[in-house]
Amino acid sequence: MMDNLGIVGEISPVFRPYIQTIYQDLKIGLCKTKIDLERITGNSDGVESQLRLVLPYCSKKLKWEIIFDPSTPWFAPDFRFDDDSFLATADEEFLNKKVPSLCQWNSSDPKALCGAISELINLYKIHQVKKLNEDDSSRASFEYSALLGNALTTEEDVEVWVGGHIVEFLIKLKINTSSLPELYNESPEINPGIDTALLLVRYPNSTNAELILSPFLSNVLGNITLPLMHQSGVLMDYVPMVTDLLNNKIQDIINNDRVKRELLAQLIIKYEGAILEHDASSAALLFQMNDFHWILQIDIEKPPVLTLRSVYHISKGKPKVKVLQNCPYNNFEAYIEQQVEIFKNECKGTASQPVLNIDK
């Protein structure tokens with residue numbers, strides 16, 4: 001990040017607004033990540049007017065050079081691509097139609113370069129699909145055509161990259177995160193909240209599919225084991241299978257969160273007189289059982305935590321506590337009674353005896 005800011009600072013003030021805008025605002029590709037900037041090595045004279053963009057595409061990093069002319073700063077920049085076949089035969093009419101932000105350059109608009117790059121990326125996607133279809137009898141070409149025949153997937157949902165004997169597909173999965181609990185909405189710096197799930201598949205070895213989750217979904221879903229994709233399997237079947245797997249996982253999280261919140265609400269209502277404090281996701285309750293006073297702290301964050309805290313006993317200068325793991329929600333109160341008796345005797349250093357009731 002600091003290197004990117006350093007490169008922005010080296011660019012001439014005349015061109016800097018374009019570079020600042022693409023670095024701060026432009027998010028391209030299915031992964032919707034920011035671009036990176038690089039210096040063009042061995043060209044110290046052009047440091048104020050030239051730089052290299054590193055653009056995410058499939059599993060690759062496209063490296064496109066941008067060259068402004070300091071003598072005519074109102075002119076559009078030149079581009080140098082890392083794929084010599086890209087736009088190699090494009091004529092002026094084609095570029096005017098497909099890249100208007102570049103061909104009708106507005107030097108007073110700091111977003112002009114953003115528009116040009118977005119339009120060029122769209123053309124690059126089309127270019128890669130054309131390369132794929134040059135051999136329309138290939139397995140990869142068949143898979144792409146069949147996948148787009150599935151109502152779940154459109155051209156906008158797939159990035160294609162063709163190189164040598166390898167073809168890559170990066171596929172956006174249609175998942176529904178609109179009902180995920182608010183407890184997963186952390187600060188934007190920690191978790192940007194982009195709900196993107198991508199499937200990366202390579203041919204000819206399509207059995208090694210990879211799942212790429214945004215930081216938000218990685219935090220929510222944890223580790224996901226993909227179902228095995230057999231060599232004879234097809235993407236038009238596999239993509240819906242993985243999509244259903246993720247949507248079912250999300251629904252399980254939603255259902256579990258609802259159960260936890262309902263349980264917390266029931267306890268707050270039932271033991272209203274014992275409440276020390278509570279909010280939407282936690283509560284602290286003071287109980288007495290057989291002359292033993294203790295606090296039950298309930299936190300339904302991820303994962304939920306139940307903590308018993310003695311009112312009397314100290315360990316290393318702090319109240320003695322016991323964290324309960326894997327609490328059974330269907331037999332909650334009986335489980336707590338049992339654990340409190342064990343905890344009380346641990347505090348007193350005596351053998352545990354079963355207890356049947358919790359008194360407020």
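Just so we're clear, the structure is a prediction, and the values are computed from it rather than from any experiment.

> Talk me through the overall build of the chain; I want residue IDs and the actual numbers.
A tally of helices and strands in the chain yields nine helices and 15 strands. Counting every position in the chain, which comprises 360 residues, the buried fraction comes to 44%. Counting only contacts in the chain whose residues sit at least 6 apart along the sequence, the fraction spanning at least 24 positions is 50%. Of the roughly 19500 Å² of accessible surface on the chain, 51% is carried by carbon and sulfur atoms.

> A description of the layout of surface pockets should follow, citing residues and the corresponding values.
Space inside the largest pocket adds up to approximately 410 Å³. Within the residue set of the lining of the largest pocket, elements represented by two or more residues are strand 1 (27–28), helix 5 (112–132) and strand 7 (158–163). Tallying contributions element by element places helix 5 first for the lining of the largest pocket, with six residues. The residue inventory of the lining of the largest pocket, partitioned by class, reads eight nonpolar, three polar and six charged.

> Explain the confidence of the model for the chain to me, and be specific about the residues and the numbers.
Within the chain, residue pLDDT values average 84, and 90% of them lie at 70 or more. Long-range and interchain partners of residues 350–360, a stretch whose pLDDT sits below 50, account for 25 contacts in this model, where long-range means more than four residues apart.

> Describe the nonpolar core, listing the residues and the values that go with them.
In this structure, Ile19, Ile22, Leu37, Leu53, Trp64, Leu113 and Ile117 are the most contacted members of the largest nonpolar core, which totals 41 residues. Mapped onto this core, the elements with two or more residues apiece are helix 1 (2–10), helix 2 (16–25), strand 4 (50–57), strand 5 (60–67), helix 5 and strand 9 (197–203). The greatest single-element share of this core, amounting to nine residues, is contributed by helix 5. Not counting residues within four places of it along the chain, the set of residues in contact with isoleucine 117 comprises Ile22, Leu26, Leu53, Ile66 and Phe79.

> Tell me about the pairing of strand 7, residues and numbers included.
Most of strand 7 is tucked away: six of the six residues are buried. Across the two faces of strand 7 the burial is the same, with Val158, Val160 and Val162 and Glu159, Trp161 and Gly163 all buried. As paired strands, strand 7 and strand 8 (residues 166–172) are joined by six bridges and run antiparallel to one another. If you follow glutamate 159 over to strand 8, its bridge partner there is leucine 170. Taking the residues that link successive antiparallel strands as the turn, the strand 7-strand 8 hairpin has two residues, and the phi of glycine 164 there is positive, at about 60 degrees.

> Describe the sheet that holds strand 10 (residues 210–213), naming the residues involved and giving the relevant values.
The strand order across the open sheet built from four strands is 7-8-9-10, with neighbouring strands paired in antiparallel fashion. Only two strands of the sheet have a single partner each, and these edge strands are strand 7 and strand 10. This sheet shows a mean twist of 20 degrees between the axes of neighbouring strands, independent of strand direction. In this structure, strand 8 lies alongside strand 9, joined through six bridges in antiparallel fashion. Across the sheet, the residue bridging to phenylalanine 169 is valine 201, located in strand 9. In the packing of helix 5 onto the sheet, the strands contacted are strand 7 and strand 8, and the crossing angle to strand 7 comes to about 55 degrees. Against the sheet, helix 6 (residues 139–148) touches strand 7, strand 8 and strand 9, its axis set at about 15 degrees to strand 8.

> Run through the packing of aromatic side chains, naming residues and quoting values.
The tally for this structure, following the rule as stated, stands at 15 aromatic pairs. Between phenylalanine 86 and tyrosine 124 the ring centres are 5.2 Å apart and the planes differ by 85 degrees, which places this aromatic pair in the edge-to-face class. Taken as a pair, phenylalanine 86 in the loop between strand 6 (78–80) and helix 3 (92–98) and tyrosine 124 in helix 5 lie far apart in primary sequence, 38 residues in all. Across this residue pair, the class does not change: phenylalanine 86 and tyrosine 124 are buried. A centroid spacing of 5.8 Å and a plane angle of 65 degrees characterise the contact between phenylalanine 169 and tyrosine 203, whose relative ring orientation is edge-to-face. Of the two residues, phenylalanine 169 sits in strand 8 while tyrosine 203 sits in strand 9, which places them 34 residues apart along the sequence.

Conventions adopted
Residues numbered from 1 in each chain as written. Predicted model: local features only at pLDDT ≥ 70, side-chain atom pairs only at ≥ 80, totals over all residues. Heavy atoms only, no water. Helix = DSSP H or I, 4+ residues; strand = E, 2+ residues; numbered from the N terminus. Buried < 20%, exposed > 50% of the residue type's maximum accessible area, 1.4 Å probe, protein only. Contact = heavy atoms within 4.5 Å. Areas by Shrake-Rupley, 256 points an atom, 1.4 Å probe, with all protein chains shown as cover. 1 Å grid on protein atoms, 1.4 Å probe; cavity = no way out; pocket = protein on both sides within 12 Å on 5 of 7 lines; lining within 4 Å. Points joined across faces, edges and corners; volume = space filled by probe spheres on them. Nonpolar A, V, L, I, M, F, W, Y, C, P; charged D, E, K, R; others polar. pLDDT = per-residue confidence, 0-100. Core = buried A, V, L, I, M, F, W, Y, C linked by side-chain atoms within 4.5 Å. Pairing = 2+ DSSP bridges. Axes fitted to C-alpha atoms, helices over the stretch in contact; angles between N-to-C directions. Phe/Tyr/Trp six-rings, centres within 6.5 Å; stacked < 30°, edge-to-face > 60°.

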